[in-house]
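# Secondary and tertiary structure notes
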Amino acid sequence: MPPMELEGRHVIVTGGAGGIGSALARRFHAAGARVVVADLDGAGAARVATELEAVRGDSAVGVGADVGTADGNAELIDAARRAFGEIDLFFANAGVGVGGELDTNDDDWQLAFHVNIEAHVFAARLLVPGWIERGDGYFCSTASAAGLLTQIGSAPYSVTKHAAVAFAEWLSITYGDRGLKVSCLCPMGVNTNMLNAGDALGAGGASSVVRAAGEVLEPDAVADVVFQAIGDERFLILPHPEVLTFFQRKASDYDRWLAGMRRLRARAGG
Ligand SMILES: NC(=O)c1ccc[n+]([C@@H]2O[C@H](COP(=O)([O-])OP(=O)(O)OC[C@H]3O[C@@H](n4cnc5c(N)ncnc54)[C@H](O)[C@@H]3O)[C@@H](O)[C@H]2O)c1
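Summarised in this report is the structure supplied together with it. (Residues numbered from 1 in each chain as written. Predicted model: local features only at pLDDT ≥ 70, side-chain atom pairs only at ≥ 80, totals over all residues. Heavy atoms only, no water.)

### Let's talk about the pattern of salt bridges
In a structure, side chains of opposite charge can pair up when their charged atoms sit close to one another. This is how it is decided: Salt bridges are defined as contacts in which a side-chain nitrogen from Lys or Arg sits within 4 Å of a carboxyl oxygen from Asp or Glu. The way it works is that DSSP assigns letters per residue, a run of H or I at least four long becomes a helix, a run of E at least two long becomes a strand, and they are numbered from the N terminus. For the exposure calls, accessible area comes from a 1.4 Å probe over protein chains only, and a residue counts as buried if that area is under 20% of its type's maximum, exposed if over 50%, partly exposed in between.
Taken as a whole, this structure holds 10 salt bridges when the rule is applied. Residue aspartate 88 pairs with arginine 9 through a salt bridge whose shortest N-O separation is 3.4 Å. Here arginine 9 lies in the segment before strand 1 (10–14) and aspartate 88 lies in the loop between helix 3 (70–84) and strand 4 (89–92), a separation of 79 residues in the sequence. For aspartate 88, a relative accessible area of 12% puts it in the buried group. For the salt bridge of arginine 134 with aspartate 88, the shortest nitrogen-to-oxygen distance reads 2.9 Å. One end of the pair, arginine 134, is in helix 4 (residues 106–134); the other, aspartate 88, is in the loop between helix 3 and strand 4, with 46 residues separating them in the sequence.

### A closer look at helix 1 (residues 19–30)
Under the convention used in this document: One less than the residue count of a helix, multiplied by 1.5 Å, gives the span that helix is expected to have. Any two residues whose heavy atoms approach within 4.5 Å at even a single point are treated as in contact.
An ideal rise of 1.5 Å per residue puts 16 Å on 12 residues; helix 1 measures up with 17 Å between its terminal C-alpha atoms. Residues Ile20, Gly21, Ser22, Ala23, Leu24, Ala25, Phe28 and His29 constitute the buried set of helix 1. Buried residues along helix 1 sit against strand 1, strand 2 (34–39), helix 2 (42–55), strand 4, strand 6 (180–185) and helix 8 (219–232). At the exit of helix 1 stands glycine 32, carrying a positive phi of roughly 110°.

### Concerning the nonpolar core
Stated formally: For this analysis, a nonpolar core means a set of buried residues of the types Ala, Val, Leu, Ile, Met, Phe, Trp, Tyr and Cys, connected via side-chain atoms within 4.5 Å.
With 47 residues, the main nonpolar core has Ile12, Leu76, Phe90, Trp131, Phe139 and Leu171 as its most contacted residues. Mapped by element, the contributors of at least two residues to this core are strand 2, helix 3, strand 4, helix 4, helix 5 (155–175), strand 6 and helix 10 (254–267). At nine residues, helix 4 tops the list of elements feeding residues into this core. In this structure tryptophan 131 touches Ile87, Asp88, Leu89, Phe90, Asp136, Gly137, Tyr138, Phe139 and Leu180, once residues within four positions along its chain are discounted. With 30 residues, the next largest nonpolar core counts Leu24, Ala45, Val222 and Val226 among its residues.

### Some remarks on the packing of helix 3 against helix 4
How we decide: Between the N-to-C directions of two axes lies an angle of 0 to 180 degrees, each axis being a line fitted to C-alpha atoms and, for a helix, fitted only over the stretch in contact. When an angle is under 35 degrees it counts as roughly parallel; over 145 it counts as roughly antiparallel; between 65 and 115 it counts as roughly perpendicular; any other value is oblique. Crossing handedness is read from the near helix: turned anticlockwise from the far helix by less than a right angle, it gives a left-handed crossing, and turned clockwise, a right-handed one.
Where helix 3 meets helix 4, the closest approach of the two axes is 9 Å, and the angle between their N-to-C directions is 45°. In terms of their interaxial angle, helix 3 and helix 4 are classed as oblique. Crossing handedness for the pair helix 3 and helix 4: right-handed. On helix 4, the residues that touch Ala70, Asn73, Ala74, Ile77 and Arg81 of helix 3 are Ala119, Phe122, Ala123, Leu126 and Leu127.

### A few points about unusual backbone geometry
Even without glycine at this site, aspartate 58 takes up a positive phi of about 55°. Look at aspartate 58 and you get partly exposed, because its relative accessible area is 48%. Despite not being glycine, glutamate 233 shows a phi value in the positive range, around 55°. As for its position among the elements, glutamate 233 is in the loop between helix 8 and strand 7 (236–237).

### What about the site of the ligand?
This is how the line gets drawn: Proximity criterion: a residue is near a molecule or strand once any of its heavy atoms comes within 4 Å of it. Identification of polar contacts relies on pairs of N or O atoms within 3.5 Å, with a donor-acceptor requirement for protein atoms, meaning one able to donate a hydrogen and the other able to accept it, and with residues adjacent in sequence counted only if both atoms are side-chain atoms. Residue exposure ignores everything except the shown protein chains as possible cover, and the areas themselves are Shrake-Rupley values with a 1.4 Å probe.
In the region of the ligand, 27 residues are neighbours, and Ile20, Asp39, Asp66, Tyr157 and Thr192 sit closest. Contact distances for the ligand include 2.8 Å between an oxygen atom and a backbone N or O atom of isoleucine 20. Within the backbone of alanine 65, one N or O atom sits 3.3 Å away from a nitrogen atom of the ligand. Alone, the ligand offers 820 Å² of accessible surface; in the complex the protein occludes 91% of this. The set of elements that each furnish at least two residues to the shell around the ligand consists of helix 1, helix 5 and helix 6 (193–196). For the shell around the ligand, the leading source of residues is helix 6, giving three residues.

### Points about helix 2
Across its 14 residues, helix 2 extends 20 Å between first and last C-alpha, which sits within 8% of the 20 Å expected from 1.5 Å per residue. Looking at the buried side of helix 2, the elements it contacts are helix 1, strand 2 and strand 3 (60–64).

### A short note on the sheet that holds strand 5 (residues 137–142)
Note the threshold: A pair of strands is treated as paired once DSSP finds two or more bridges between them.
The parallel open sheet is built from seven strands, whose spatial order is 3-2-1-4-5-6-7. Here the strands that pair on one side only, and so sit at the sheet edges, are strand 3 and strand 7. Bridge count between strand 1 and strand 2: five bridges; the pairing is parallel. Following the sheet pairing, valine 13 is matched in strand 2 by valine 37. Contacts between helix 3 and the sheet are confined to strand 1, strand 2, strand 3 and strand 4, with strand 1 contributing the most and set at about 150° to the helix.

By themselves, these are just geometric observations and shouldn't be taken as functional.
As structure tokens, this is what we get:
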């Protein structure tokens, strides 16, 4: 199927100030979409929007928003509607790589829940009823390969990314026959601040496992894969195709897969 017609379509990307989010904003904007770039880092979101506006006028807006709260999502969606009218495609992409093992504090657990999963629920609540009414709308969440497999070194990341996959599945099953299209992006390593910074998934933490697991892709390459998959209306987006093999192995022999993951964790120095 050819990629969906994006000319003039209205797209929101959360976590759009950098990394995968800014690559998605650029990719969909290049295809003709009007893009609202949202991020907790409002200045970073504005920078990306300014860059897009320089390419084509009246086509991009930057919004500072905390999508980990219901109010932050409501304000973002109101601002986006004021800018470009009804939303066609929403990327729930913002995420945090906080937390580690059982010593993870409550604040980090809460933050991971707020940003990595509740944000998706808050946005869907505001968007899906209107999409069902008009029979058209697209919700694409960025989960992670950690949402299908696990994240060695981070319990909150593993748990909340599994929840993000589960919520995307649930949305598709519940509304897929009523005009809602849903995709779920599950990459392994991508060369972004999250992988390179010093948080749980960052330098010296779980990122060494991510790097050992497979190729670290550039955000632009991931955005290209997402663009194609959305054109095809494919649910599961796997920029690292080997994730499918790992996922199949997990499903076909759970105990063997767990033993293999324990060996991997031990090799990584856990
Ligand atoms: N980099 C990887 O290896 C990798 C792999 C799999 C999945 N992911 C996922 O990809 C998504 C994008 O991450 P990235 O790798 O581009 O990293 P990134 O750190 O460059 O981008 C994440 C963005 O989310 C924003 N953000 C964080 N909390 C927010 C909040 N409460 N409200 C609004 N924005 C907020 C950050 O400011 C940042 O700009 C995340 O969901 C991440 O979990 C990343």
